[in-house]
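Read off the chains here:
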Amino acid sequence: MAVYSVYEPPNAPADIALRAEALAFVKEGFSWTALFVPVFWLLYHRMWIELAIFIAIFAVLPFAFGLDRQNEELVGWIGIVLVVLFAFEANDLRSASLERRGYRLAGVAMGSDRTEAELDFFRHWLLQQAKAEPAVPALAPAPSPRHDVKAAPPSGSGEREEVIGLFPRP
């Protein structure tokens, strides 16, 4: 079961179809692509700061341990460990990068693959968007200026009662 964090851009368009296209799905967990081609993975996701830090670490690593034959092997093993560690943390770094650019967490999606997770997310997200659209208020008749007596309040509050879990909202 794959879990995805879904991020919405800061200046999302008003049109629901364009908003849906702008959403970013970030898979939680290990990234195989980041393991095998970490530099291209960073370039593809436009993570410039992380790319600069990644390159700087690997550029400084040989000088930190020395340039002799024995230390070259040690630097190689440390490099492998760092790339594996990066693959475990890559998607979390991507989430942090999106949040730094102003994206906000829109929800979480789960499914056996990305397509199923997207379908599950949009099924719930579209219902929320339909509820969030402002309804046009009904025009109430203007009170008559001749009457000084206050009318009795209506029996219903005029709002729908929302249910949280098994309990209606007070």
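Below: a short report on this structure. Here the structure is a predicted model, which is why all the values come from computation and not from measurement.

### Quick look at the overall build of the protein chain
Then, in step 1: The number of helices and strands found in the protein chain is 6 helices and 5 strands.
Then, in step 2: Order of helices (α) and strands (β) in the protein chain, N terminus to C terminus: β-α-β-α-α-α-α-β-α-β-β.
Then, in step 3: Per-residue burial over the protein chain gives 25% buried out of 170 residues.
Then, in step 4: Expressed as a percentage of contacts within the protein chain between residues at least 6 apart in sequence, the contacts between residues at least 24 apart total 66%.
Then, in step 5: Carbon and sulfur atoms form 64% of the exposed surface of the protein chain, whose accessible area is close to 13000 Å².

### What to know about the nonpolar core
Then, in step 1: If you look at the biggest cluster of nonpolar residues, it comprises 11 residues: Ala34, Leu35, Trp41, Leu42, Met47, Leu51, Phe54, Val83, Phe86, Ala87 and Ala90.
Then, in step 2: Take this core: its biggest share by element is 4 residues, from helix H5 (residues 69-100).
Then, in step 3: Those residues in contact with leucine 35, other than ones at most four positions away along the chain, are Phe30, Val83, Val84 and Ala87.
Then, in step 4: Tyr4, Leu23, Phe121 and Trp125 belong to the second largest nonpolar core, which has 9 residues in total.

### A look at the packing of helix H4 (residues 48-65) against H5
Then, in step 1: Orientation of H4 relative to H5, taken along the N-to-C sense of each, is 165 degrees, at an axis distance of 10 Å. By the criterion of interaxial angle, the relationship of H4 to H5 is roughly antiparallel. Between H4 and H5 the crossing geometry is right-handed. Contacts from Ile49, Glu50, Phe54, Ile57, Phe58, Leu61, Pro62 and Phe65 in H4 reach Asn71, Leu74, Val75, Ile78, Gly79, Leu82, Val83, Phe86, Leu93, Ser97 and Arg100 in H5.
Then, in step 2: Considered class by class, the residues forming the contact of H4 with H5 number 14 nonpolar, 3 polar and 2 charged.

### Quick notes on the layout of surface pockets
Then, in step 1: Here the largest pocket is characterised by a volume of approximately 280 Å³.
Then, in step 2: Every residue lining the largest pocket is counted, 13 residues in all, and those nearest its centre are Ala24, Tyr44, His45, Arg94 and Leu98.
Then, in step 3: Of all elements in the fold, only helix H1 (16-22), strand S2 (24-27) and H5 reach the threshold of two or more residues within the lining of the largest pocket.
Then, in step 4: When its residues are assigned to classes, the lining of the largest pocket shows 7 nonpolar, 1 polar and 5 charged.
Then, in step 5: Estimated volume of the second largest pocket: approximately 210 Å³.
Then, in step 6: Counting only elements with at least two residues in the lining of the second largest pocket, the list comes to H4 and H5.

Definitions and limits used
Residues numbered from 1 in each chain as written. Predicted model: local features only at pLDDT ≥ 70, side-chain atom pairs only at ≥ 80, totals over all residues. Heavy atoms only, no water. Helix = DSSP H or I, 4+ residues; strand = E, 2+ residues; numbered from the N terminus. Buried < 20%, exposed > 50% of the residue type's maximum accessible area, 1.4 Å probe, protein only. Contact = heavy atoms within 4.5 Å. Areas by Shrake-Rupley, 256 points an atom, 1.4 Å probe, with all protein chains shown as cover. Core = buried A, V, L, I, M, F, W, Y, C linked by side-chain atoms within 4.5 Å. Axes fitted to C-alpha atoms, helices over the stretch in contact; angles between N-to-C directions. Parallel < 35°, antiparallel > 145°, perpendicular 65-115°, else oblique. Left-handed = near helix turned anticlockwise from the far one by under 90°. Nonpolar A, V, L, I, M, F, W, Y, C, P; charged D, E, K, R; others polar. 1 Å grid on protein atoms, 1.4 Å probe; cavity = no way out; pocket = protein on both sides within 12 Å on 5 of 7 lines; lining within 4 Å. Points joined across faces, edges and corners; volume = space filled by probe spheres on them.

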